[in-house]
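Examining the three-dimensional arrangement
Given next are the chains, with one letter for each unit.
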Amino acid sequence: MQGKIWANSGDSHFIEPDEAWKSLPPALAERMPRSVKDADGRNETVTIDGQSFRRRMPSPKQQEFLEMARRPGLGDVAARLADLDNEGIWAEVVYPSLGMWNSMYRDPVLVREAMRVSNDWVKEQLVDASTRLVPTAQVSMLSITDAIEELERTRQMGFKCVFMPCEPPKALPHYNDESWEPFWAACERTGMVLAFHIGTEPIDHQAGEVIGVAFRGAGGAVINHTHAAISVLRVTMLMVASGVLDRHPDLKMLVSESGASWVPFLGDRMDEAYRQHGEWSYPKLSSSPKEILYRQVYASFQHDVTAIPTMTAMGYQNVMWGSDYPHLEGTFGHTQETLHELFDGVDDAVRRRITTGSFLELFPDVGVGPPD
């Protein structure tokens, strides 16, 4: 490898400790997200507002993966910045961990107060710690009024983007319903980027089941991992075809850990439907679905070799690299190897667009690397 390639990342995670909820009244704090691992370490049970689900943990044989899951930087900012420096990552979007299931809350009062204290904690721990960290704000998924209020409050606190699950809870209509229109308008007005992440739909599983296991038997592990990305495709279709992005041309949408090469396919498929089934297409859009998609949606990938030709051969410019620090699917420990494999021999303008340019369009004040 010749030299370090500095990049900004469109995907990473930070874990919230129990102390993040300490300012809540005890009756509310005990209903906040918590995770308990089985004695054998094979699964963990996540409990939120009285609902529980189980998810599989890495096998004890996967020691390198387990070490990543225990990285100090997952909960310690100084250690995190040291990891970023070593990996060659300057700035990163930071999603929550337990907060990624905030669509599971059932009590509007609890989720309103929970989001406030969560955001206050993130402000103190991440926003104030370094401009290199771009954490996502969290808002209520049970009250659009509360969501707007918290969106505006967090924008004033220095947040630049807001985390949205790929589906709202069943208590609210989906994002194509007109009741969400004031929220989209508030995001556009404040300049808050909508940040969607795979695998964030509401979970209806019982505690005895393990989430993420939709298919068993031959090929199950590959199928389940691949299947997790489909939720992002669905919400992207919805935001484009329903006219949300068309009505709000300054609204930007980041979709993380989903790859990028699906974007041209989705654009072609929606264009075909809009053209061939125009008699039933509603609403009427000012541009083709593909043009809207290409203009306002940014897609983050980790390892995909198809991401570069997606830009150079298929014209989709909003391709963004992401490390997914420190998850199993991410690049931690081999980030520079991955970046060189992807970009050695690639035109410098293309490399800069994917490693930093798309990121800086969404978050222009974070920079691209340490001064020489």
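Everything in this summary refers to the structure shown in the same document. Note that the structure is a prediction, hence the values are computed from the model and not measured.

On to the packing of aromatic side chains. What describes a pair of aromatic rings is the distance from one ring centre to the other and the angle between the planes of the rings. Enumeration over the complete set of coordinates arrives at twelve aromatic pairs. Ring geometry for W180 versus W184: centroids 5.7 Å apart, planes at 25 degrees, classification stacked. Here a set of aromatic residues connected by ring pairs shows up, and it is made of Y175, W180, F183, W184 and F196. Over the face of the ring belonging to W90 we find R132, whose NZ or CZ atom lies 4.0 Å from the ring centre.

A few words on the environment of E188. The topology assignment puts E188 in helix α6 (residues 181-190). Along the sequence, E188 and K252 sit 64 residues apart, while their C-alpha atoms lie 8.0 Å from each other. Residues within four places of E188 in sequence aside, it is in contact with H248, P249, D250 and L251.

Scanning the entire structure with this criterion turns up zero disulfides. With no disulfide partner, C161 has as its closest neighbouring cysteine sulfur the one in C187, 11 Å distant. Left without a disulfide partner, C166 is nearest to the cysteine sulfur of C161, which lies 15 Å away.

Where burial is concerned, most of strand β11 (residues 297-301) is hidden: five out of the five residues are buried. Because side chains alternate across β11, one face comprises the buried residues V297, A299 and F301, and the other comprises Y298 and S300, equally buried. Bridging between strand β10 (residues 253-256) and β11 involves three bridges; their strand directions are parallel. Bridge assignment links L254 to a residue of β11, and that residue is Y298. Of the pairings in the sheet, the one linking β11 to strand β12 (residues 319-321) comprises three bridges and is parallel in character. In the sheet register, F301 faces β12, and the bridge partner there is W321.

In this section: the sheet that holds strand β7 (residues 161-164). Spatial strand order, β1-β5-β6-β7-β8-β10-β11-β12: eight strands in an open sheet with parallel pairing. One side of each edge strand has no neighbouring strand; the edge strands of this open sheet are β1 (7-9) and β12. Going from strand to strand, the sheet's axes swing by 25 degrees on average, the running direction of each strand aside. Bridge count between β1 and strand β5 (residues 89-94): two bridges; the pairing is parallel. Paired with A7 across the bridge in β5 is I89. Where helix α13 (residues 335-343) meets the sheet, it contacts β1, β5, β11 and β12, and its direction lies at approximately 150 degrees from that of β12. Where helix α14 (residues 348-362) meets the sheet, it contacts β1, β5, β6 (133-137), β8 (193-197), β10, β11 and β12, and its direction lies at approximately 110 degrees from that of β12.

Conventions adopted
- Residues numbered from 1 in each chain as written.
- Predicted model: local features only at pLDDT ≥ 70, side-chain atom pairs only at ≥ 80, totals over all residues.
- Heavy atoms only, no water.
- Phe/Tyr/Trp six-rings, centres within 6.5 Å; stacked < 30°, edge-to-face > 60°.
- Lys NZ or Arg CZ within 6 Å of the ring centre and 35° of its normal.
- Helix = DSSP H or I, 4+ residues; strand = E, 2+ residues; numbered from the N terminus.
- Contact = heavy atoms within 4.5 Å.
- Disulfide = S-S within 2.5 Å.
- Buried < 20%, exposed > 50% of the residue type's maximum accessible area, 1.4 Å probe, protein only.
- Pairing = 2+ DSSP bridges.
- Axes fitted to C-alpha atoms, helices over the stretch in contact; angles between N-to-C directions.

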